[in-house]
Amino acid sequence: MTGAVSLPMYDWPEVREATDRLWVTIQRELTERGIDAPESLLRCADPEALWTDPALLLSQTCGYPYATMLAGKVALIGTPAHAVTGAAPGRYFSVLVARKGEAPRDAGKLGERRFAYNMAQSQSGFAAPARLLAATGHASLPEPLETGAHRASICAVAEARADWAAIDAVTWELAKRHEPAASDLVVFATTPQTPALPLITGSRNSEKAGAIADAVEAAIAALETEVRNTLFITGLTRFRPADYAPLSAPVPARQAFPNLA
């Protein structure tokens, strides 16, 4: 039976047609390599359930859950590169955003400002800023706001339900194009670069990981310029699991966010 496929991490409604086109191109390359693949992407509410399915053919996860719960249980395919952020190929960072006219001059001024985050399992939205806050000596912050998505965090800050948020740099580029609330915000700092969001396959397909990576790389190269520009995608970086190991270090969440459940 053909395993499921999903590309959930940057699949905004405004770029869904381009995401589908990327998948069609990947599927063609997989077929040429003798790998059966479904015709369409699975868009489900809970991508984590799919990530842990041994039959998974292809999906994209976040670096933090990959490093802390998935490494050794899935096979790493590679990491898409998005040159638009200015990061090194296959790497990314978080942009720290606040409302225009209300941004602190540096990250050390965040002590009494309410933080919006997408979810506690997110490298860009939670782990990276939590480590940054710990490094600047913050022992606590006002009760944070969990929004469920980067886009929702952007809206929460723009609507003054929170004061700042950490947003995946690729998502921020999407927001500048497609989310009106982003025009009310300004970037006041960035976090260090880390390996970006990895593509994975389930344990039953681990022997095919190299061929799947070849197919993805060939598909990205074959994409129409318009699709590549819509998705900001430029290539595939062949990271190793060890490259993500630093992301498994404990996140000082209890220090920075004592009210977090």
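For the structure, see preceding data.
Attention in this report is confined to the structure presented alongside it. (Residues numbered from 1 in each chain as written. Predicted model: local features only at pLDDT ≥ 70, side-chain atom pairs only at ≥ 80, totals over all residues. Heavy atoms only, no water.)

A word on the overall build of the chain. Within the chain, the regular secondary structure consists of 10 helices and 11 strands. For 261 residues, the compact-globule estimate of 2.2 N^0.38 gives 18 Å, and the chain sits close to it at 18 Å. By its C-alpha atoms, the chain is 55 × 35 × 30 Å across when sized along the principal axes. Split into buried and exposed, the 261 residues of the chain put 52% on the buried side. Sequence separation of 24 or more characterises 80% of the internal contacts of the chain that already satisfy a separation of 6 or more. In the form shown here, the chain has an accessible surface area of approximately 11500 Å², with 50% of it arising from carbon and sulfur atoms. (Helix = DSSP H or I, 4+ residues; strand = E, 2+ residues; numbered from the N terminus. Rg over C-alpha atoms; globule rule 2.2 N^0.38 Å. Buried < 20%, exposed > 50% of the residue type's maximum accessible area, 1.4 Å probe, protein only. Contact = heavy atoms within 4.5 Å. Areas by Shrake-Rupley, 256 points an atom, 1.4 Å probe, with all protein chains shown as cover.)

Following the criterion strictly, the structure yields five aromatic pairs and no others. Ring centres of Tyr66 and Tyr244 lie 5.2 Å apart, and the angle between their planes is 75 degrees; on these two criteria the pair is classed as edge-to-face. Of the two residues, Tyr66 sits in helix 3 (residues 63-70) while Tyr244 sits in helix 9 (residues 241-244), which places them 178 residues apart along the sequence. You'll find Tyr66 and Tyr244 in the same group, each marked buried. For the pair Phe239 and Tyr244, a centre-to-centre distance of 6.0 Å together with 90 degrees between the ring planes defines the contact as edge-to-face. Pair check on accessibility: Phe239 and Tyr244 agree, each one buried. Aromatic rings pair up to connect Phe115, Tyr117, Phe126 and Trp164 into one cluster. (Phe/Tyr/Trp six-rings, centres within 6.5 Å; stacked < 30°, edge-to-face > 60°.)

Another aspect to go through is helix 6 (residues 169-178). Judged by how many residues are buried, helix 6 sits mostly within the fold: seven of 10 residues are covered. For helix 6, the full list of buried residues reads Ala169, Val170, Thr171, Trp172, Glu173, Leu174 and Ala175. Residue Asp168 occupies the N-cap position of helix 6, its side-chain oxygen lying 2.7 Å from the main-chain nitrogen of Val170. (Polar contact = N/O pair within 3.5 Å; in protein donor to acceptor, adjacent residues only side chain to side chain.)

This brings us to the nonpolar core. Leu30, Leu58 and Trp172 are the most contacted members of the largest nonpolar core, which totals 71 residues. Top contributing element to this core by residue count: helix 7 (residues 209-222), with seven residues. Not counting residues up to four positions away in its chain, the partners in contact with Trp172 are Val95, Val97, Ile154, Ile167, Ala182, Leu185 and Val187. (Core = buried A, V, L, I, M, F, W, Y, C linked by side-chain atoms within 4.5 Å.)

Take the environment of Glu207 next. Along the chain, the position of Glu207 falls in the loop between strand 10 (199-202) and helix 7. Taking the C-alpha atoms as reference points, Glu207 and Cys155, separated by 52 residues in sequence, lie 42 Å from one another.

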